[in-house]
Every structure is written in structure tokens, then in C-alpha cells.
Amino acid sequence: MKVWVDITAPAHVLVFRPLIAILRGRGDTVEITARDYAQTVQLLELHGIEANVLGRHGGRSRLGKFRSLTSRLHDLRSWARGREFDVALAHGSHELTLTARRLGIPSATTFDYEFAWLQHQLGCRAATRVVVPEAIPPERLARYGARPPKLVQYPGLKEEYYLSDFEPDLSLLGRFGVDPARVLVVLRPPPDVSLYHRHSNPLFPMTLDHLGRLENVHAFVLPRTEEQREYVRELDLPSVILPETAVDAQSLIALADVVVSAGGTMNREAAALGVPVYTTYGGRLGGVDEELIREGRLKPLTDPRALDLHKRDAAAGERVRRDPALMLQLLLSALP
């Protein structure tokens, strides 16, 4: 087969890494497009994945997002036309499903947060298959035109699939000067350029300020954008570690004592790796996070002083591993 994969955000690199390997391992041709957003391109390079970079993120404004969308749709259509793809795959890239539909290419999209309304109205309706976790109630997806047989669901977290073969790089902490005697807290700021996260949430800055002043803590911050990086840098907090480029975040999470994230993927990576994790997310919780909270694998944080800060036994965390070939099989069900 000839397969097109579109990668539009850093987390998608991890989702598709094992799937691309499976496809190429069995002799399929895979061509990849990517959007220049946050650390997406750096992570592709980190994982040795070559991609054609087409388009950039449109920023915070709706007008900027619209202009970015129309420009990227044109670029993708020009690039993909005549390449004779059998199927197109994406994680929430409505640009891919819209382009694939216009070119007559079967497509599958996957995601695990159901309240990105505009993205899903466009992407789900254009897609041939919509692949999501079982934790998302199907009735929440019907308004996007995603009903069986278009809608298919899988057990567990997407992170349990793409981290199935993962083992942490034990040398990572030493390279960043992390003191092994201190409690290592990994922090991820909110996705403040996302349309579904428009309400200002002071909790993350409060948590960063609290942890960044504790002598028994190393607060390792993974910003999403250069603007966030500059904000953290200017705070000049004594206990903060701020990397200048993309890092092996999965190893960092696996070696952490606590994770605090205002997003989704890092929360779920921590849960999949058996690491204690708190969420400061200010938007509407999706079905996956609702289920993780019910199971006690994710804790909502309302006050940074409530964080349980202690060294943990990394070997004690319970991991769940699932076969990424199942995820690939569901995505390829888009084929006629």
C-alpha cells in the first residue's frame, strides 16, 4: 500500500511512530506531511522520521486559524494530488481528512478529546473512519456525524499502545543536572493557543511559582511554545529546569516522582507509565480524563499545596501495554 500520514502536533509524532514502523516493516510505502507547530518538527527529527513540512499553526485568533487552514489545505492538495495514495491517516488533522475526501482518498482520523467542536465538525464529517477510545460516550460524537460504522472504538489509552515498547533513557536526568535527592516534578503548561481552552487559568502559574521556590524540588518545565518558554525563563525561579529544545519527554515522565499537566497527552502518558499525575486543565474534561479520575489514575488539582511531593519507587508503578497493531488495524478499516 501507499499510505499518507499527516502530523500536526508534537503528540502525534509519538502516536504514529510505531504505526509507521509496522507499515514500513511489512513493505508499505509511507509518506509524511507535518505542520510546523511547537516541537513537532524537532520531535520528528529526534525520532528519525522524515516529513514534508507544510504550513504553520495559525496562532490564537480565529482569523489566524482560518487563514492557516485555507493556506494549508491548498498546500496539502497540491502536494498529495497525483501521488496515488491508498489511504490517509491522521490524529485530529481535519486538513488531512478534508483534503483526502476532495482527492477521493479513504481516510481515518483518531483523537481522544471530544470537545474540540470545530476541529471535529470538519474532520469527522470528512473522514471515512473515526477511531476513538471506548471511554468517550458515542453519543458525544454523533453531533459530528461520527456514528457506527464510521465510528470505531478501542480499549484503553492511545498512550498504552504507542508506549508499549518504550523503556526510559536512564541517563536523561544527569544530562540536565537533576539532583536525584530532590523530588522531580514535570510540568506542562496549558494549550493556550487552542480554541477549546480559551479561559484563563491561574492555577498553573500558581503551581509553577510554588514548586519553583522549593529547595527539595526540581521543577522540570516542558513549554509548548517559545512564548511560554520566555515566560518561564523571565520568572527566574531557583528550582526550575527549562530545556531549550525538545527532550525525550516520555523518559522524563517515567523517571519523575510527580507530573502536573494542564494538557491531556502528558497526563495520560503518566497514567500509562504508572506515575502519579495531577491535572490543572481549565477546560471541559473529556471522557478519557473522566474515566481516569474515576479510576484514581488522574487527580484534579485545585491548590498547589495539596501536591503529594515525595520520592517514589519507579519500579512500583503499574504499566499497561497494548499492541499498536490493533490501533493500526482500526485505522486501516477505512480501506474499502
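Refer to the structure presented above.
Residues numbered from 1 in each chain as written. Predicted model: local features only at pLDDT ≥ 70, side-chain atom pairs only at ≥ 80, totals over all residues. Heavy atoms only, no water.

(A) Quick peek at the packing of aromatic side chains. Under the counting rule described, the total for this entry stands at seven aromatic pairs. Ring geometry for Tyr113 against Tyr281: centres 6.0 Å apart, planes inclined by 80°, an arrangement best described as edge-to-face. Taken together, the residues span a long stretch of sequence, with Tyr113 in the loop between strand S5 (107-110) and helix H5 (117-126) and Tyr281 in the loop between strand S12 (277-279) and helix H12 (287-295) at a distance of 168 residues. Take Tyr113: its relative accessible area is 15%, and that puts it in the buried class. Each ring, one from Phe176 and one from Phe220, has its centre 5.2 Å from the other, and the planes form 75°; the classification is edge-to-face. One end of the pair, Phe176, is in the loop between helix H7 (172-175) and strand S8 (183-188); the other, Phe220, is in strand S9 (residues 217-221), and 44 residues separate them in sequence. Members of the aromatic cluster, joined through ring pairs, are Trp4, Trp79 and Phe85. Above the ring of Phe85, the side-chain terminus of Lys2 is found at 5.5 Å from the ring centroid. (Phe/Tyr/Trp six-rings, centres within 6.5 Å; stacked < 30°, edge-to-face > 60°. Helix = DSSP H or I, 4+ residues; strand = E, 2+ residues; numbered from the N terminus. Buried < 20%, exposed > 50% of the residue type's maximum accessible area, 1.4 Å probe, protein only. Lys NZ or Arg CZ within 6 Å of the ring centre and 35° of its normal.)

(B) A look at the packing of helix H4 (residues 94-103) against H5. Running from N to C, H4 and H5 point in directions that differ by 35°, and their axes come no closer than 8 Å. Viewed along their axes, H4 and H5 form a crossing whose handedness is left-handed. Within the contact between the two elements, H4 uses His94, Thr97, Leu98 and Arg101 and H5 uses Gln119, Leu122, Gly123, Arg125 and Ala126. Taken together, the residues of the contact of H4 with H5 sort by class into three nonpolar, four polar and two charged. (Axes fitted to C-alpha atoms, helices over the stretch in contact; angles between N-to-C directions. Left-handed = near helix turned anticlockwise from the far one by under 90°. Contact = heavy atoms within 4.5 Å. Nonpolar A, V, L, I, M, F, W, Y, C, P; charged D, E, K, R; others polar.)

(C) Layout of empty space enclosed by the protein. The final tally for this structure, using the stated rule, is one cavity of 30 Å³ or more. By volume, the largest cavity amounts to about 30 Å³. In terms of lining residues, the largest cavity is bounded by Gly92, Ser93, His94, Thr109, Phe111, Gln119, His120, Gly123 and Cys124. Class assignment of the residues belonging to the lining of the largest cavity gives a composition of two nonpolar, seven polar and no charged. (1 Å grid on protein atoms, 1.4 Å probe; cavity = no way out; pocket = protein on both sides within 12 Å on 5 of 7 lines; lining within 4 Å. Points joined across faces, edges and corners; volume = space filled by probe spheres on them.)

(D) Summary view of unusual backbone geometry. The omega angle of the peptide bond from Pro148 to Pro149 is 5°, so this bond is cis rather than trans. Considering the arrangement of structural elements, one finds Pro149 in the loop between strand S6 (129-133) and strand S7 (151-154). Phi at Glu84 takes a positive value of approximately 60°, unusual for a residue other than glycine. Following the sequence through the fold, Glu84 ends up in the loop between helix H3 (62-80) and strand S4 (87-90). Classification of Glu84 as exposed rests on a relative accessible area of 68%. Residues other than glycine seldom take positive phi values, yet Asp236 does so here, at roughly 50°. By the element assignment, Asp236 lies in the loop between helix H9 (226-235) and strand S10 (240-241). Overall, Asp236 belongs to the exposed group, its relative accessible area being 65%.

(E) Focus on the pattern of salt bridges. Evaluated as defined, the whole model comprises 24 salt bridges. The salt bridge involving Arg72 is made with Asp6; its shortest N-O contact spans 2.7 Å. Of this pair, Arg72 sits in helix H3 while Asp6 sits in strand S1 (residues 2-7), placing them 66 residues apart in sequence. Arg72 sits in the buried class, given a relative accessible area of 0%. (Salt bridge = Lys/Arg side-chain N within 4 Å of Asp/Glu carboxyl O.)

(F) Spotlight on the environment of Leu273. In this fold, Leu273 is placed in the loop between helix H11 (265-272) and S12. Discounting residues that sit within four places of it in the chain, Leu273 has contacts with Leu163, Phe166, Gln250, Ile253, Ala254, Glu318 and Arg319.

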